[in-house]
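# Report on the structure
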Amino acid sequence: MYRFLLTPRWWGINVFVVLAIPFCIFMGSWQLGRFEDRVQDHETATTQQDSDRREAARPLAELLPVDKATVGDQTTVSGRYADQLLVPERQLDGREGYYVLTLLRTDGGKALPVVRGWLPGEPDAAKAPAPPTGEVTVTGALQAAESVGSNGVSPRTGWPDGQTGAISAATLLNLVPYDVYDAWITLNEGDSGMRAVPVSAPQNTGLDLKAFQNLGYTAEWFAFVGFVIFMWFRLLRREVELARDAELGLAPEDGDAELGLAPEDGDDELGLAPEDGDDELGLAPEDGDDERGEDPDREETGRQASPSGV
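Below is a summary of the structure that appears in this document. (Residues numbered from 1 in each chain as written. Predicted model: local features only at pLDDT ≥ 70, side-chain atom pairs only at ≥ 80, totals over all residues. Heavy atoms only, no water.)

## Points about the nonpolar core
Stated formally: Among the buried residues, those of types Ala, Val, Leu, Ile, Met, Phe, Trp, Tyr and Cys that are joined through side-chain atoms within 4.5 Å form a nonpolar core. Under the scheme applied here, a residue whose accessible area is under 20% of the maximum for its type counts as buried, over 50% as exposed, and between as partly exposed, the area being computed with a 1.4 Å probe on protein chains only. Each helix is a run of DSSP H or I of at least 4 residues and each strand a run of E of at least 2, with the numbering of both proceeding from the N terminus. Working rule for contacts: check all heavy atoms of both residues, and any pair within 4.5 Å makes them a contact.
By size, the foremost hydrophobic cluster in this structure holds 16 residues, and its most contacted members are Tyr 99, Leu 101, Leu 103, Val 115, Ile 167 and Leu 172. Contributing elements (two or more residues each) for this core: strand 2 (74–92), strand 3 (95–105) and strand 4 (111–120). Ignoring anything within four residues of it in the chain, the contact list for Val 115 reads Tyr 99, Val 100, Leu 101, Ile 167, Trp 184, Ile 185, Thr 186, Leu 187 and Val 197. Counting residues in hydrophobic clusters, the runner-up holds 13 residues, among them Tyr 81, Val 136, Ala 183 and Ile 185.

Okay, structure coming up:
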């Protein structure tokens, strides 16, 4: 009965199933691992932020280039404040506002972007406090350069003069005539009455939308495994039923179908196909009637038409 499994068609089906199941399991496990890594990074970043606050600030040169291990570390830098820019469309505690970003020129000539604080409302250069003059030393949390789509960075372009959408060297080099570090710091305490900007988690870490996308992809890959197994058993059951019907002679033969002897679906709907009750009631024509050319309905009609007694 199961000899059909050796046919080329079923060889192809079986090979596909054997390859598809482990592939789906591998992809689902990989996506689950990505989600677990993001959860771990989120827990590590939360713990690291608490410990970084208690650690002593280190020179900026020791923390560059910025990576997951150094994001949020305390650093101290000395220099003179130069150009000041506003970073609009930044939220804090659910309120819309903007960052006040001032470039700190170091002794080496490069400038470090320093977020001195956050103000609510629409960006207004007149409301932004002016930076201190002369030599200053600032201490804050080191942050990685921003990119579009990370930490609430707007994809909008064409900002007005004195504004920028992202804090990164690639963006700021077009606005100032000197080199800029590809990193920035946020002061631990807001300057001139502004609110301090909290430390942001590194890009592609934490429980953000991408993390839950990985979890959704995990469910999809494991669902594919169940679907492949279900369809294989369904096809197998169908083939077994067809093979069993063929052994019992229940399946219509090819010759009957070609000659039109097999009942069609339309015959059942129009009442043309003989039913089981017709044989019991004698309504179905018998073989002898067909051979003698007799028609029971015609004989009955003839008897009714002839006069009685004749």
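## Considerations on the pairing of strand 3
Going by this rule: Note on pairing: two strands pair once DSSP finds at least 2 bridges between them.
Burial runs high along strand 3: eight of the 11 residues are buried. Two elements, strand 2 and strand 3, share nine bridges in a ladder whose sense is antiparallel. In the sheet register, Gln 84 faces strand 3, and the bridge partner there is Thr 102. Connecting the antiparallel pair strand 2 and strand 3 is a turn made up of two residues, with Asp 93 showing a positive phi of about 55 degrees. Looking at chain direction, strand 3 and strand 4 are connected through nine bridges and run antiparallel. Bridging from a neighbouring strand, Arg 105 pairs with Ala 111 of strand 4. What sits between strand 3 and strand 4 in their antiparallel hairpin is a turn of five residues, with Gly 109 showing a positive phi close to 100 degrees.

## As for the pattern of salt bridges
When the charged atoms of two side chains with opposite charge come close together, those side chains can pair. As a reminder, the rule being used: We count a salt bridge whenever a side-chain nitrogen from Lys or Arg sits within 4 Å of a carboxyl oxygen from Asp or Glu.
Inspection of the entire model under this criterion finds eight salt bridges. Close ionic contact of Glu 241 with Arg 237 constitutes a salt bridge, the shortest N to O distance being 3.3 Å. Linking Glu 241 with Arg 237, this pair stays in helix 3 (residues 209–248), spanning four residues, or about one helical turn. By relative accessible area, which is 59% here, Arg 237 ends up exposed.

## Here we look at the pairing of strand 4
Taking burial as the measure, the 10 residues of strand 4 include nine buried ones, the bulk of the element. Strand direction decides the pairing type here: strand 4 and strand 6 (residues 183–187), joined by two bridges, are parallel. For Val 115, the partnering residue across the bridge sits in strand 6 and is Thr 186.

## Considerations on the packing of aromatic side chains
What counts, and what does not: In this analysis, rings of Phe, Tyr and Trp, with Trp reduced to its six-membered ring, are considered paired at centre separations within 6.5 Å, and the interplanar angle assigns stacked below 30 degrees, edge-to-face beyond 60, and tilted for intermediate values. We call a charge positioned over a ring when the NZ of a Lys or the CZ of an Arg lies within 6 Å of the ring centre and within 35 degrees of the ring normal.
Inspection of every chain in the model, using the stated rule, returns five aromatic pairs. The interplanar angle of 85 degrees and the centroid separation of 5.6 Å between the aromatic rings of Phe 23 and Trp 221 together place this pair among those described as edge-to-face. A residue pair is termed long-range when its members are at least 10 positions apart, and Phe 23 in helix 1 (residues 8–54) and Trp 221 in helix 3 qualify at 198 residues. In textbook terms, an aromatic cluster arises when at least three aromatic residues are bridged by ring pairs, as seen for Trp 10, Trp 232 and Phe 233. Note that Arg 105 overlies the ring of Tyr 178, its terminal NZ or CZ placed 4.1 Å from the centroid.

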